[in-house]
Each structure stands twice: as structure tokens, then as C-alpha cells.
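Below are the chains, spelled out letter by letter.
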Amino acid sequence: MAPQLDLALKHAPLRAPAPLFERGKPASGPRSQPGFMKLLGALAFAFLLALPFIDASAYTISIATSALIYVMLCMGLNVVVGYAGLLDLGYIAFFAVGAYVSGILTTVLDWPMWAAVPATILACVLAGIIIGGPTLRLRSDYLAIVTLGFGEIIRITANNLDVTGGPSGIHGIPTWSFGDWSFRDGLDLFGLHFSGTVLFYYFVAIVVATVGIVGVGRLARGRMGRAWKAVRDDEDAAEAMGINTYFTKISAYIIGAVWAGLAGQLMATHLTAISPNSFHFLYSALILMAVVLGGMGSTPGVIIGGLFVSLAPELLREFAEWRYLIFGVLLVVVMIFRPAGLWPATAVLPWLRRHKPQAWPATAPLESLGGDDRAEVGPAAGARPAPADPRAQDPADDGEVRR
Amino acid sequence: MMQLIWNGLIVGSFYSLVALGYSMVYGIIKLLNFAHGDIYMLGAFVGFLVLSSFGGIPAAMSIPALLVILLLAMVVTGLIGVAIERVAYRPLRSSPRLAVLITAIGVSFTLEYGIRQLFGPNPRAFPVRLSSESFDVLGMRVSLSQLVLVVVAAVLMFVLAHIVERTREGRAMRAIALDPQAAHLMGVNVNRVIATVFFIGSALAGAAGVMAGAYYGSIDFLMGFVIGLKAFTAAVIGGIGNLYGAMLGGLLLGLLESFGAAWLGGEWRDVFSFAILIVILTFKPTGLLGARVVERM
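Remember, it's a predicted structure, so these values are computed and weren't measured experimentally.

> Please give an account of the nonpolar core that cites residues and values.
Residues Met72 of chain A together with Val18 and Ala207 of chain B are the most contacted members of the largest nonpolar core, which totals 204 residues. What Ala207 of chain B contacts, discounting residues up to four positions off in sequence, is Leu17, Gly43, Leu70, Ala73, Met74 and Leu156 of chain B.

The following block contains the structure:
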């Protein structure tokens, strides 16, 4: 057979076979996946900007601001858990580091808030290296419990030290000021008066939308983000492909830490007072639930999860009492029945789903090969069984997240 | 000095009991059972329920009554452990590890806040007070009840070591820990053995819960959270997956904590033991008696 095959290949002009069926043109414009997501994002952002004109009560603005800060936190944890696949159970510790560093610098040392940003980032990077450095070399589940311990260390330390104000925490954290002007002064624009809280709300909205959502999304699509996902899916294979897995994991960890620190700084400004009780393990678990329920690694899912976790206790008062029990049950149920979350990272818009083609078109035998040779050139086109087209499967129903 | 050692040994024996369950489950299915600390809490609440339904117990009878309740609580928590494995962990056995870890956290939350809804958020007084008659040994004040607690813990650990080393079930456990698939091919009923491990581990944690309830005198729904962390630390110190390591690690952690708290002040106790955990993971992640830690594929 082998010499015959050689002969046949020598005389056959090698060319790619014609496609068996025409591939549809990818959708473009607002109906396509990226176009639709951009449109949705723009609409959501427009709604954020319009919110103070719809309801400018102090209560609404306040819970909207906290919800946005939660979204920022969730996007940071999404980098760690969703993209890099590292389970961080003490995530709120970095939030605490950011809040305390900015709180101490602005109240004790009277720095303006913007000057505390680099210090916050530096502190979070250091904390990320200290906690991630030793544990990221080990099994990933060690990281989970060490981060849990680390979260407790930060909370107890804040509770015990004098510089952090002990159990009562830090009060009177100033808002952002630039030179003589601060958000507290308000702003008159086009005959409308914007109060300090509304201005701060806008500030948070812009920071969260640009740094938190677009920034994380772009990081995830870049070289580093692809490395995160590769390490998450198969660490050994990623290493074999030349990715420095340790560096990749610690970079995800540090970026998650910095995002949490920035969110902590925003939260410190928003609440003007912080205390160790705001950084209990419960909140780490709450953020994790938001990410898991929404869909690990999925930006829209995580945003929905973050909004749900932060707004549900406000909107459903009776729910607040039961929420941790319900969240616990939900975590188990989601992991068993829908591990990719409400809006999975691989979700495809319903109108873009490809359907199974009716039948494979019959293929003509290649003329250049003789009829006898063709039967021997392995499983020829005509003899090929019609497999299910992999694209016909609905990725959204493909319940398993591959880690 | 001797008093510190004795206190450390008592607390350490609780840690050991909880760490044993952690270590066994980890050794056999490589799962960090976050809910394990909450099983300890459940044990304390089972003991609380039974004792309160009996009404008061005379002080003279407190130790025998406690032993009976210990057994009862062990059976109940053991069954709860088996149920948790069946409902939450078995469907996910072939899932990625992250999914199982998250499920374990969900189970932990469900247990904690389920108990909170049932018994309320405030600490409850454990309705048995141990007699405080005590005698001096080598300069330590040792009360009879403390002695009983330590002896019970030692007996439980001895029984466990016997089960794992000398019985057919124990051999099956060790086989599964080495290679679950090969054990399955050799005719070991893997699901049943894993259920047994969950039963034993949870029963030990439940026993520790009852003992801790009697020792400290008050229980609350979050009491399992910190001890779960501590028991994990103990298991890591001894080498996770190794039974004797868990016992040794628990006692060692109890002693270290006792000295650390005396040296730094009680409010730094938890920070001290978590710092030990991080230091050990940095310099000797296999623990004192553990084998090399390999990433399971």
C-alpha cells in the first residue's frame, strides 16, 4: 500500500479540498457578539449617568455608590478566581488594606485623597507579594485557606493596633479634593447644581466603568490575560508552552489586590468611617458568591452578580435575615447544576447560535486520484461518517467549566 | 510554665481531633473540607439539644452523662457528614477542584446560617458545668474533667489509628488514598469507603465539639470557623494526609498557641497561629511527617 500511496501523492496536485458547506459570514454591527456587548455597556453606562436625574435621594445615590464599589471588587476577584483560577477567600483583606492605608494617610497625615492612590497601590502590591509569594508555588487549595487566614490576620491586626483606631476604626475620612476644590463643595453646571454625593457617585461610576470593567476586560484579552486563562485551564500544558506560571499567577493575584485596594479607598471615602467589622470573612465570601453566581470569568455575569449581592439586601428587607443561608445553598446548587454561573463566560447570544446543518453534502470523488487509489487513501471523504458538528452544540448549555 | 503546657495540651487535643478529619478527607479525596469546622459546631449543638431536653444534670453525674452524649453526638454528626458527602461532594467528584472548594464553602455557610436561623445569633450556655475539683501535678492545676477530656481524645485517636492500621476498611482507605482508580479495580467499594471516612472524620469533629462546649461552657454558630482554620494549620504542620501528623500537629499548635498567647497577649493568639501556618507553608510545605506535595492531575 505504501508505494502506491507514494505514487498517488506524487502525481496528485496537492490542494486543499473545497469546504463541505459554506460558512456563514460572521454577524457584524450591533447584532454581533462584541457589538451587542458594547451597546449593552453603553446603555448601562448611560443609565448610570442618568440615575441622579431619575432619583437623586441621598439613599438611592448611597446604595448605588456602594453597589458600584462592589462591582469593582467583584471585577478584581474575577481576575483572581475567574481568569487565573486561584481561589482567594481573604479577598476583603486587600479591600481593608486599601481602606486603611488611604484612611490613615488622609486623616493622620492629612494627605489629599489623590496622593494616597499610589501609596494604596504600593501597599496592595506588597501585600499581594507577601501572601501570594509563598503559597502560589503550592497546590491551589492551600492558597484558599492561607488567604482565609490572611484575611483574619488583617482584620485582627486592624482591631488590635492603635494606628488603625482599634475596634472603633477610623472616622472623618475626607472626600477627594483637588487643590482648594473638593467634591464636598458641589458643582454648578449648566444651571444644575450637583451635590457632593452626586459628584462622588459620578466619580465612582467613571472609575468603576473605565478601570474596573473596561480595564479588566482589556487585560483579560491581552497577552497576560490569555496566559491567566491558559494557566487556569491546564497549568502543566501552559508551562510547556513557555508561560512562566508562577509569574502569571502572582500577576493575577497582585492585580486583584490592587483592584480591591482601589475599591477600598473608594469605600473609605464613601462611608467616611471604617472599622474592622466591615472586613469580616463574610464579605470575602459574599464577593466570591457574586463572582460564582454571575459566572466566573464573565464580565456581564460578574457585574450582575455584584449588583445582586449588594442590592438584594436593600431591596428585599426580609431577605437580609436569610441571605447567608440562601447564598450558601445557592453556591452548592449552582456548582452542581450550573457551574458556569448565570451568564457563563462562553455564552453566545441566542440569535447567533448556529444550528445543526441538515446533512453533509455529498462529495464528489477527487478526480486526480484513480478510483482504486482513493479507496486506499485512508478514510476518504465519501466514507466519512457524518459527525455532529461541534459548533452545533450550544456553548451556553455546555455546563462544564474546564479548569 | 507547666500550666501553659497543660492548657496547650487540652486545646491541642481538640485541634488534633478536628485536624484528623481534615487530614483523612484530604488524604482520601484531596478535598479541603471547609465545612469540617462547622461539623464541630454541629456536634456542640447536638450535645446542647440533648442536654437541654434532659433538663438539669447533677454535677456528680456530669462526666458519665457527657460521655453518653459524646457518643450520641458522634453518631449524629457522623451521619450528617455522610449526608453532606452524598448530597454536595459526590456529584462533583470528577469536577474541577475549584468547583468542589466553592461547594464546600457553600456547605459551610449553609450549616452556619442554618444553625443561626434555628438557635439565634447569640451564644448559648452549654447546660453542663464540669466539676472544678482539681489537684496539683508537677505544678500544674489539673481538674478531673480536663483529665477526662484529654483521655477521651487520646482514646478516640487510638481507636482511629487501630481502624486505619489494622482493619479491612482501613486498608481500603489507605488503598484509595494511594490510587482511587486502582483500588476500584481491585474491588474496593470506593463510594462506601469514602462515606466511612466522612463518617469517622465528622464523628471525631462532633466529639471535639461536645468536649469544647463542655470545656468552654458556651457555644455559638460561628465557633467552627476559627477552629476549622486552626485544624487546617495543625494538619499542615503535621503533614496533611498523615494521621499521626494531624495528631502531632494539633498538640504542637495547641502548645505553640499557648506560649504565643502568653508571650504576645491573648488578642494576638489567632494572628500568631496563622502566621505559623504561612511560615510553615513557605519553608516546609510538606509539614513534619508529610510526604512530598504533588499537584494532582
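> Break down the interface of chain A and chain B for me, with residues and values.
Residue-level contacts link 34 residues of chain A with 36 residues of chain B. Secondary structure elements with two or more residues in the side of chain A that touches chain B: helix 5 (113-135), helix 6 (140-160), helix 11 (281-294) and helix 13 (317-337) of chain A. Looking at the side of chain A that touches chain B element by element, the count peaks at 13 residues for helix 6 of chain A. Among the residues making up the side of chain A that touches chain B, the classes are represented as 23 nonpolar, seven polar and four charged.

> Hey, could you go over the environment of Ile69 of chain B for me, with residue numbers and the actual values?
Residues and elements named next belong to chain B. Of note, Ile69 is situated in helix 3 (residues 62-89). With 23 C-beta atoms packed within 10 Å, Ile69 lands in the buried category. Each C-alpha atom, one on Ile69 and one on Thr233, is 28 Å from the other, the two residues being 164 residues apart in sequence. Sequence-distant contacts of Ile69, that is, excluding residues within four places in its chain, are made with Gly47, Val50, Leu51 and Val210.

> How would you summarise the environment of Asn191 of chain B if you had to cite specific residues and measurements?
Structurally, Asn191 of chain B is set in helix 8 (residues 190-216). Look at Asn191 of chain B and you get partly exposed, because 13 C-beta atoms sit within 10 Å.

> Residue-level account of the packing of helix 4 (residues 92-107) of chain A against helix 10 (residues 245-271) of chain A, with values.
All names here are of chain A. Two numbers describe how helix 4 lies on helix 10: the axes approach to 6 Å, and their chain directions differ by 50°. The angle between helix 4 and helix 10 places the two elements in the oblique class. At the point where helix 4 passes helix 10, the crossing takes the right-handed sense. Where helix 4 abuts helix 10, its residues Phe94, Phe95, Ala96, Val97, Gly98, Ala99, Ser102 and Gly103 lie against Ala257, Ala260, Gly261, Leu262, Ala263, Gly264, Gln265, Met267 and Ala268. Split into classes, the residues belonging to the contact of helix 4 with helix 10 amount to 11 nonpolar, six polar and no charged.

> Run through the confidence of the model for chain B, naming residues and quoting values.
A residue-level look at chain B finds 92% of positions with pLDDT of 70 or above and a mean pLDDT of 82. Taken together, the chains of this predicted complex give a pTM of 0.78 and an interface ipTM of 0.81.

Conventions we followed
Residues numbered from 1 in each chain as written. Chains lettered and ligands numbered in written order. Predicted model: local features only at pLDDT ≥ 70, side-chain atom pairs only at ≥ 80, totals over all residues. Core = buried A, V, L, I, M, F, W, Y, C linked by C-beta atoms within 7 Å. Buried ≥ 20, exposed ≤ 12 C-beta atoms within 10 Å, placed from the backbone. Contact = placed C-beta atoms within 7 Å. Helix = DSSP H or I, 4+ residues; strand = E, 2+ residues; numbered from the N terminus. Nonpolar A, V, L, I, M, F, W, Y, C, P; charged D, E, K, R; others polar. Axes fitted to C-alpha atoms, helices over the stretch in contact; angles between N-to-C directions. Parallel < 35°, antiparallel > 145°, perpendicular 65-115°, else oblique. Left-handed = near helix turned anticlockwise from the far one by under 90°. pLDDT = per-residue confidence, 0-100.

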